Amino acid sequence: MDNNVLIQMTDICKVYKMGLVEVPALCGVSLEIRRGELMAIMGPSGSGKSTMMNIIGCLDQPTSGEYKLEGVDVSRLSDDQLAAIRNKKIGFVFQTFNLLRRTSALQNVELPLTYAGISGAERRRRAMAALEAVGLGHRLDHRPSELSGGEQQRVAIARALVNEPSIILADEPTGNLDTKSGREIVGIFQRLNLERGITVVFVTHDPEIARHTRRIVRLLDGKIVGDEPVVDMRLAFEARGGAG
Amino acid sequence: MNLAESVKIALRSLSANKLRAALTMLGIIIGVAAVITLLSVGQGVQVLVQEQIQSIGSNLLFVVPGNLSAQSSGNLRSTMATSMANSLTYGDAKAIADPQRVPDVQAVAVESFMNTTVVYRDRGLRTSVSGTTVNYPQVRNHKVAEGTFFSEEDFNGGSRVAVLGKSAADALFPDGYAVGQTIKIKGISFRVIGVFASKGGTGFGGVDDSVFVPLTTFHTKLTQRRSATGDYVVSAIYAQAVSENRMEAAMEQIAQVLRDRHDILYESDDDFTVINQKDILNIFGEITSILTIFLGAIAAISLLVGGIGIMNIMLVSVTERTREIGLRKAVGARRRDVLWQFLIEAMVLSLAGGFVGIALGAVGSQLVGRLSGSLTPVITASTILLATGFSAAVGLFFGIYPASRAAALNPIDALRYE
């Protein structure tokens with residue numbers, strides 16, 4: 001078993017039942033993601049990329065096929081076991097940030113640690129470190145409504161980061177942001193990947209984001225139709241202030 | 001996630017919508033306030049009854065005009081109507097006092113009431129004036145604190161002397177020194193010769209507010225109420241049985257004598273009622289139980305409505321916070337974490353309502369006590385515990401459904417919910 005293989009999906013199918021009709025969302029998908037990868041899963045809407053993300057993120061389970069996360073077959077685990085895996089091994093970043101309103105940035109970031117059973121000073125320390133890592137060390141007590149869109153997404157990244165997950169899944173993380181903050185967000189992901197070796201998977205239809213990764217997997221109608229490396233990855237954080 | 005943390009989260013999300021939380025709690029507040037008032041007043045009544053019974057004295061039987069027991073015990077109006085009947089006389093009392101005919105009664109006192117105004121100089125007091133016999137303090141177990149009660153000579157001579165209850169004395173003579181003063185009842189002067197010690201409470205034949213004069217004086221100077229044979233009409237006869245276990249026999253003997261004297265053939269035609277302490281206790285018990293049922297119904301309905309209100313708001317809250325639930329699940333909340341979160345929120349709502357209700361109930365019962373005058377409501381730790389338990393149970397019961405709905409949400413759908 002290759003220790004560098006983080007995710008091993010073999011012949012994954014996902015079929016949704018809409019009443020009596022069965023709608024296949026993914027069909028025969030096999031994919032390997034290695035530790036430290038920075039990649040994008042691309043495809044138009046309806047291509048199955050959301051389903052793909054849900055399965056990778058252990059929010060959903062495949063109808064058939066095998067999904068191994070760090071060598072553990074998670075496709076047959078119970079809801080509570082999946083919750084534990086999401087808590088410890090997976091970080092989510094959503095298009096709409098999904099921060100808790102009326103809750104400070106720090107408390108938002110502490111949330112996964114709460115469910116991990118970490119409390120008190122340790123929780124606070126780790127949440128602060130995560131916020132500092134995304135450059136928000138000075139905004140700990142601000143509420144989401146007091147932060148800009150880019151800052152909110154950075155809080156969300158800190159929240160995804162705080163439990164030191166094996167993989168961060170970012171679902172259209174720049175979709176609700178202007179170009180400049182979008183680039184900053186992509187830059188943060190790149191930096192986390194390059195400097196800390198954190199595995200990052202973007203799920204997007206935006207080729208601009210995809211160009212900032214090292215590998216692009218293309219989905220169409222529930223099948224993988226392309227899987228190629230990016231030859232000249234652009235760096236978002238070096239491009240800051242220059243020509244994007 | 002520990003309890004303190006869950007409670008903090010619940011408080012935070014409730015404080016997000018304070019007005020809504022307050023309105024939701026209202027049902028619980030009213031319900032618990034009713035429970036507290038009910039229990040504390042109920043306990044106060046019990047204490048009062050015990051005090052009354054003790055103050056009445058042991059082995060005491062009451063004979064009152066009218067038939068209380070036969071047709072309608074508990075119908076107060078008929079009781080009031082019949083008690084106006086002039087069916088008991090001083091002669092009846094003397095017959096009961098005859099040891100040949102009523103061997104199980106050792107002493108008999110009578111009392112005639114009237115409501116009138118008693119005047120001392122420029123001070124007036126609307127109160128009850130009683131004509132009574134010399135042995136009244138002994139039979140009723142009342143103690144004279146200052147001066148003396150009237151004597152045999154006062155009684156036989158129809159002296160214009162009066163003994164005051166403690167409250168009456170305080171009202172007429174705020175500075176004390178009642179004994180030796182002259183008061184006017186219906187324009188006739190009476191010399192105050194004594195003041196009773198305070199008994200507390202009012203109830204049947206309460207002594208504190210009353211003014212006592214000799215029966216003879218009462219019927220010659222203050223009223224002309226006579227029976228057909230010219231005898232004094234009395235409001236009540238008090239008979240002291242020789243001992244506790246001869247009470248039943250004494251009651252029977254008294255009834256027999258009175259039936260003879262009143263030419264009554266059948267028990268159902270009695271124009272008098274002999275009451276012992278147990279009967280009085282029963283009357284109190286009846287009033288208390290009506291009160292209990294009434295307040296209990298309010299409490300139950302209010303708690304039910306309050307609980308439904310909580311359920312309703314929690315369901316709204318679950319829907320409003322679908323995305324939050326989805327996110328919590330995505331970052332690792334298990335089913336039971338979400339279940340507990342909403343359950344604790346419901347319980348915090350109902351418990352907070354419960355505590356406000358306890359405070360309100362305490363105020364309410366004090367108010368009832370103030371209004372009734374003689375009643376001192378008793379709030380015990382167990383009452384508070386019961387109310388707290390009740391409101392927690394309501395929160396738990398009505399919170400379970402919304403909480404389990406939240407816990408059952410699929411995180412994918414929840415995250416996508418608009």
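Given the structure is predicted, the values throughout are model-derived calculations rather than measurements.

Conventions used here
- Counting from 1, residues in each chain are numbered in the order their sequence is written.
- Here every chain gets a letter starting at A, and every ligand a number starting at 1, in the order they are written.
- Residues qualify for local features only when their pLDDT is at least 70, as the model is predicted, and side-chain atom pairs are given and counted only at 80 or more; totals for whole chains, interfaces and linings, by contrast, use all residues.
- The helix and strand labels rest on DSSP assignments: H or I over at least four residues marks a helix, E over at least two residues marks a strand, and numbering proceeds from the N terminus.
- Whether a residue is buried, exposed or partly exposed follows from its count of other C-beta atoms within 10 Å of its own C-beta, namely 20 or more, 12 or fewer, or something in between, respectively; the C-beta atoms are built from the backbone.
- For the purpose of contact definition, each residue receives a C-beta atom placed from its backbone, and two residues are in contact when these atoms lie within 7 Å.
- DSSP-based pairing: two strands are paired if at least 2 bridges between them are found.
- Only C-alpha atoms enter the line fits that serve as axes; for helices the fit covers just the stretch in contact. Angles between N-to-C directions range over 0 to 180 degrees.
- When an angle is under 35 degrees it counts as roughly parallel; over 145 it counts as roughly antiparallel; between 65 and 115 it counts as roughly perpendicular; any other value is oblique.
- Working rule for handedness: look at the near helix, and if it is turned counterclockwise from the far one by less than a right angle, call the crossing left-handed; if clockwise, right-handed.
- Here the nonpolar group is Ala, Val, Leu, Ile, Met, Phe, Trp, Tyr, Cys and Pro; Asp, Glu, Lys and Arg are the charged ones; every other residue, Gly included, is treated as polar.
- Only buried residues count toward a nonpolar core: Ala, Val, Leu, Ile, Met, Phe, Trp, Tyr and Cys, linked into one set through C-beta atoms within 7 Å.

1. Overview of the overall build of chain B
Piece 1. A tally of regular secondary structure across chain B gives 14 helices and 10 strands.
Piece 2. Counting all 418 residues of chain B, 44% fall into the buried class.
Piece 3. Contacts in chain B between residues at least 24 apart in sequence constitute 81% of all its contacts with a sequence separation of at least 6.

2. Things to note about the sheet that holds strand E5 (residues 72–73) of chain A
Residues and elements named next belong to chain A.
Piece 1. Strand order across the open sheet formed by 4 strands is E2-E1-E4-E5, with antiparallel pairing between neighbours. A single partner strand is all that each edge strand has here, and the edge strands are strand E2 (21–34) and E5.
Piece 2. Along the sheet, helix H1 (residues 49–56) contacts strand E1 (5–18), E2 and strand E4 (64–69); its crossing angle with E1, the most-contacted strand, is approximately 125°.

3. As for the sheet that holds strand E7 (residues 167–171) of chain A
All names here are of chain A.
Piece 1. If you trace the 6 strands from one edge of the open sheet to the other, you get E6-E7-E8-E3-E9-E10, paired in mixed fashion. The open sheet has two edge strands with one neighbour each: strand E6 (90–93) and strand E10 (223–229). For this sheet, the mean angle separating the axes of adjacent strands, direction not counted, is 20°.
Piece 2. Relative to E7, E6 is paired through 4 bridges, and the arrangement is parallel. Residue pairing for E7: isoleucine 90 is matched across the bridge by isoleucine 167.

4. Side note on the packing of helix H3 (residues 105–115) of chain A against helix H5 (residues 149–161) of chain A
Residues and elements named next belong to chain A.
Piece 1. Two numbers describe how H3 lies on H5: the axes approach to 7 Å, and their chain directions differ by 30°. Taken together, the axis directions place H3 and H5 in an arrangement best described as roughly parallel. Our pair here, H3 against H5, has a crossing hand that is right-handed. Contacts between H3 and H5 involve Ala105, Asn108, Val109, Leu111 and Pro112 from the first element and Val155, Ala158 and Arg159 from the second.
Piece 2. Grouping the amino acids of the contact of H3 with H5 by side-chain chemistry returns 6 nonpolar, 1 polar and 1 charged.

5. Quick word on the nonpolar core
Piece 1. Ranked by internal contacts, the top residues of the largest apolar core, which has 127 residues, are Ala158(A), Leu169(A) and Val201(A).
Piece 2. Residue contacts for Leu169(A): discarding those within four places in its chain leaves Met53(A), Ile56(A), Gly57(A), Ile90(A), Phe92(A), Val201(A) and Val203(A).
Piece 3. Within the second largest apolar cluster, 57 residues are counted, among which are Ile183(B), Val207(B), Val211(B) and Tyr232(B).

6. Some points on the environment of Val195(B)
Residues and elements named next belong to chain B.
Piece 1. Mapped onto the secondary structure, valine 195 falls in strand E7 (residues 188–196).
Piece 2. Under the C-beta neighbour-count criterion, valine 195 is labelled buried, with 22 such atoms within 10 Å.
Piece 3. The sequence separation of valine 195 and aspartate 208 amounts to 13 residues, and the corresponding C-alpha distance is 9.5 Å.
Piece 4. Among residues more than four places away in sequence, those in contact with valine 195 are Ala145, Glu146, Gly147, Val163, Leu164, Lys166, Ala169, Ala178 and Val179.

This is a description of form; function is not addressed.
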